[in-house]
Amino acid sequence: ATIFGGVLVFLVLFFLTKRLSFTRQRLPPSPLSLPLIGHLHLLTRMAHQSLQVLSNKYGPILYLKLGMVPTIVVSSPDMAREILKTHDAKFSSRPYFLVGEYFSYGYCGMGFTSGGEHWKNLRKLCATELFTINRIDSFEWVRKEEISRMISTIENTTGVINMRNLLITYGFNVMTETVMSKRFFCENGALLDADQAREFKKVSIETVEMALKFHISEFVPSYLRWIDWNIPKVKILQAKSDKFMQQIVQEHKRSKNSRKTKDFMDVLLESFTDSSNKQSLKAENTVKALTMELLAGGTDTSASSIEWALMELLLNPHTMVKAREELVKFVDLTNSTVNEGDLPKLTYLNAVIKETMRLHPPAPLLVPHKSTVECKIAGFDIPKGTTTIVNLYAIGRDPNVWENPTKFCPERFLGDSRIDVKGQNFELIPFGSGRRTCPGMILGLRNVQLVLANLIHRFEWALIPGREYGVEETTGTVNWAKTPLEVLKR
Ligand code: HEM
């Protein structure tokens, strides 16, 4: 009886202390929630927009329960700095993503991995081997060739030009050439090396569709994830994608000596073959997972930015005039293309790109982070394990930060403005900031600048008369315009 009494007293005290410590917590403001689903019903398919509306009402730091997952949403430069700089180390983990778990071969990749030694080693490899200026410069010939191909496709097309197809073809070929010395699309967007490319395209489309679906496992505690009805479908898709990747890696190893420039996959294979865990499954899975992430992370982000920039320039013709004037002034018109060496001179074009990324950040909610310890932000208690969303879309359109926030006005970045996109100015962080900042930023920016400069330098564009153009968006992992941009050459 004494033991039973002791256990009872202990349990009562334990639950009381837990409850007291819970009630003492001061969480950020939060709307009323519903049982089980929490605040999920407040989110539309345009999550960045519905979160902006909630932040306007509840303030720059907001607490939500998405299903059973505690979440904070921050939407001001100061709050973003708190998360990504002041408390960066505490917030650099990732929450659970169903697709992420399976497609990263159980967290062998970088983007979905919570942190730890493996993730740190991959980030280091990116910084010292893959995304160095020298390595990026060594692929200048690929970008030059793809630009020439894009220009000749445009020259040979009469009538309506679908810009999105051209940009995806350029972006995907540049990435697959850089990562694994392979092109998948020819000039008119048709597939080269048909069987392999068709399979890859199909798997990529199905994966994106799967990533966009509602997955119950992302909104319940980890011990309940098994109830997700999408798991078997994701496993089948992953097996298909793995078959493709396996084939690519084997082919790559065989053709090693035929390449004049080391590509990213060569570097990855060398790094992991050199290590002590040589032929281990983890080493091979890491190469496959990271390759997939680099292709996925590098294509649509740049292509959507270029499409938005062109759309805004055409909807605001005086900005197009200025961008063209600058190109005429600084780039030798006898040259067939704008070269990478010309890019730093193009101040107005760079302001156009900043303004585009302010209004249309390719990843409007970054990729969600997660806290690893309990922490205080702006006087509020943020529990350990809280999913953390930084709403770049809301920050970019905040009237307290920007004058006439919805107006496309590259001039705001000229004159005294020192704001750039590299992660130090928290009012404009399209690539994120801190430990999780985008490792491909320099390559991504280079592609956006180069393609945009060439499209404007070489051609005069016009909107199709009678057609309505607008700046609505689609839902997706990347923030594309709702309707692909179709234009005419003058
Ligand atoms: C992560 C934006 C191009 C590879 C990210 C993140 C953003 C971003 C917002 C998440 C940051 C965070 O979690 O806080 C962009 C934009 C691009 C671009 C706007 C171009 C305009 C690229 C390119 C590559 C790339 C060219 C690779 C070739 C990655 C990877 C991650 C990432 C692997 C995950 C990093 C990690 O979780 O540690 N990017 N990106 N991105 N990006 Fe990019």
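Scroll up to find the structure.
Let me begin by describing the structure that accompanies this report. Here the structure is a predicted model, which is why all the values come from computation and not from measurement. Throughout, residues of each chain are indexed from 1 in the direction in which the sequence is written. Local features in this predicted model are restricted to residues whose pLDDT is 70 or higher, and side-chain atom pairs enter the listing and the counts only when it is 80 or higher, whereas totals over whole chains, interfaces and linings include all residues. Side-chain figures throughout are based on the complete set of non-hydrogen atoms in the structure, without hydrogens or water.

By definition, any uninterrupted DSSP run of H or I lasting at least four residues is a helix, any uninterrupted run of E lasting at least two residues is a strand, and each is numbered from the N terminus. Secondary structure assignment for the protein yields 16 helices and 9 strands. Relative to the globule expectation of 23 Å for 490 residues, the C-alpha radius of gyration of the protein, 24 Å, shows essentially globular dimensions. In terms of overall dimensions, the protein has C-alpha extents of about 95 × 55 × 40 Å along its principal axes. Accessibility here uses a 1.4 Å probe with only protein chains present; expressed as a share of the type maximum, an area under 20% marks a residue as buried, one over 50% as exposed, and anything in between as partly exposed. Each of the 490 residues in the protein was classed as buried or not, and the buried ones make up 52%. Contacts: residue pairs with any heavy atoms within 4.5 Å of one another. Relative to all contacts within the protein whose residues are 6 or more apart in sequence, the contacts with residues 24 or more apart total 71%. Accessible surface, the protein as shown: approximately 23,400 Å² in total, 58% of it carbon and sulfur. Radius of gyration: over C-alpha atoms. The globule rule applied is 2.2 Å multiplied by the number of residues raised to the 0.38 power. Reported accessibility uses the Shrake-Rupley method at a 1.4 Å probe radius. Residues are deemed covered only where the shown protein chains occlude them.

In this section: the site of the ligand. The rule for a residue being near a molecule or strand is that one of its heavy atoms must lie within 4 Å of it. By nearness alone, 25 residues border the ligand, and Arg94, Arg123, His369, Arg436 and Cys438 come closest of all. Any pair of N or O atoms that falls within 3.5 Å is considered a polar contact. Within protein, one atom must be able to donate a hydrogen and the other to accept it, and sequence-neighbouring residues count only if both atoms are side-chain atoms. Residue His369 places a side-chain N or O atom 2.8 Å away from an oxygen atom belonging to the ligand. Looking at which element gives the most residues to the shell around the ligand, the answer is helix 12 (residues 281-315), with 5 residues. Residue composition of the shell around the ligand, grouped by class: 14 nonpolar, 8 polar and 3 charged. Basically, the charged four are Asp, Glu, Lys and Arg, the nonpolar ten are Ala, Val, Leu, Ile, Met, Phe, Trp, Tyr, Cys and Pro, and anything else, Gly included, counts as polar.

It is worth spelling out the coordination of the iron atom of the ligand at this point. Among protein residues, the single donor to the iron atom of the ligand is Cys438 (SG), with a metal-donor distance of 2.3 Å. One can find Cys438 in the loop between helix 15 (392-396) and helix 16 (441-458). Note that water is not among the atoms considered, so a metal site may appear incomplete; the donors listed are N, O and S atoms within 2.8 Å of the metal, with 3.2 Å applied to Na, K and Ca.

Think of a salt bridge as a Lys or Arg side-chain nitrogen and an Asp or Glu carboxyl oxygen that are within 4 Å of each other. For the structure on display, the rule yields 25 salt bridges. The salt bridge partner of Asp88 is Arg435, with a shortest N-O separation of 3.3 Å. Note that Asp88 is positioned in the loop between helix 3 (77-86) and helix 4 (98-103) and Arg435 in the loop between helix 15 and helix 16, a separation of 347 residues in sequence. Classification of Asp88 as buried rests on a relative accessible area of 7%. The exposure class of Arg435 is partly exposed, given its relative accessible area of 42%. Salt bridges linked by common partners bring Asp137, Arg143, Glu340 and Arg446 together as one network.

With that out of the way, let us pick up the side chain of Glu473. By secondary structure assignment, the location of Glu473 is in the loop between strand 8 (461-463) and strand 9 (486-489). All tallies of charge rest on Lys and Arg as positive and Asp and Glu as negative; His and the ends of each chain are not included. Within the buried core, Glu473 has no salt-bridge partner, and the shortest N-O distance to an opposite charge, that of Arg397, equals 4.5 Å. Within the structure, the side chain of Glu473 is placed 2.8 Å from the side chain of His48, a separation counted as a polar contact. In terms of polar contacts, Glu473 uses its side chain to reach the side chain of Gln49, at 3.0 Å.

Moving on to the sheet that holds strand 7 (residues 387-390). Taken in spatial order, the 4 strands line up as 1-2-7-4 in an open sheet, and their pairing is mixed. Edge positions in the open sheet fall to strand 1 (61-66) and strand 4 (369-370), since each of these has one partner strand only. Here 2 bridges tie strand 4 to strand 7, and the two strands are oriented antiparallel to one another. The residue of strand 7 that forms the bridge with His369 is Thr388. One requirement defines pairing of two strands: DSSP has to find at least two bridges between them.

Here a helix's expected span is defined as the number of its residues, less one, multiplied by 1.5 Å. Between the first and last C-alpha of helix 13 (residues 317-330) there are 20 Å, a value that for 14 residues agrees with the 20 Å anticipated at 1.5 Å per step. Taken residue by residue, helix 13 has Thr319, Met320, Ala323, Glu326 and Leu327 as its buried positions. The arc that holds every buried residue of helix 13, seen down its axis, measures 125°, which confines them to one face. Across helix 13 from its buried face, at more than 90 degrees, point the exposed residues Pro317, Glu325, Val328 and Lys329. Looking at the buried side of helix 13, the elements it contacts are helix 12, helix 14 (347-359) and helix 16. In this description, the arc belongs to the directions extending from the helix axis to the C-beta atoms.

A separate point is the packing of aromatic side chains. Aromatic rings from Phe, Tyr and Trp, with only the six-membered ring used for Trp, were paired whenever their centres fell within 6.5 Å, and each pair was classed as stacked if the ring planes differed by under 30 degrees, edge-to-face if by over 60, and tilted otherwise. As enumerated under the stated definition, the model contains 5 aromatic pairs in all. The interplanar angle of 65° and the centroid separation of 5.5 Å between the aromatic rings of Phe97 and Phe112 together place this pair among those described as edge-to-face. Placement of the pair is Phe97 in the loop between helix 3 and helix 4 and Phe112 in the loop between helix 4 and helix 5 (116-130), with a sequence separation of 15 residues. Taking relative accessible area as the criterion, Phe112 reaches 27% and is therefore assigned partly exposed.

Take the packing of helix 12 against helix 13 next. Two measures define how a pair of helices packs: the angle their axes make with one another and the distance between the axes. Axis lines are fitted through C-alpha atoms, for helices just across the contact stretch, and the angle between N-to-C directions can take any value from 0 to 180 degrees. In the contact formed by helix 12 and helix 13, the axes pass within 5 Å of each other and the chain directions differ by 110°. Taken as axis vectors, helix 12 and helix 13 run roughly perpendicular relative to one another. Where helix 12 approaches helix 13, its residues Leu310, Glu312, Leu313, Leu314 and Leu315 are matched on the opposing element by Pro317, Thr319 and Met320. Along the lines of polarity and charge, the residues of the contact of helix 12 with helix 13 split into 6 nonpolar, 1 polar and 1 charged. Each angle receives one of four descriptions, namely roughly parallel if under 35 degrees, roughly antiparallel if over 145, roughly perpendicular if within 65 to 115, and oblique otherwise.

Let's shift gears to the side chain of Asp398. Secondary-structure assignment places Asp398 in the loop between helix 15 and helix 16. The side chain of Asp398 sits in the buried core without any salt bridge; Arg358 is the nearest counter-charge, 9.6 Å away. With near-sequence residues (within four places) excluded, Asp398 lies in contact with Ser75 and Pro405.

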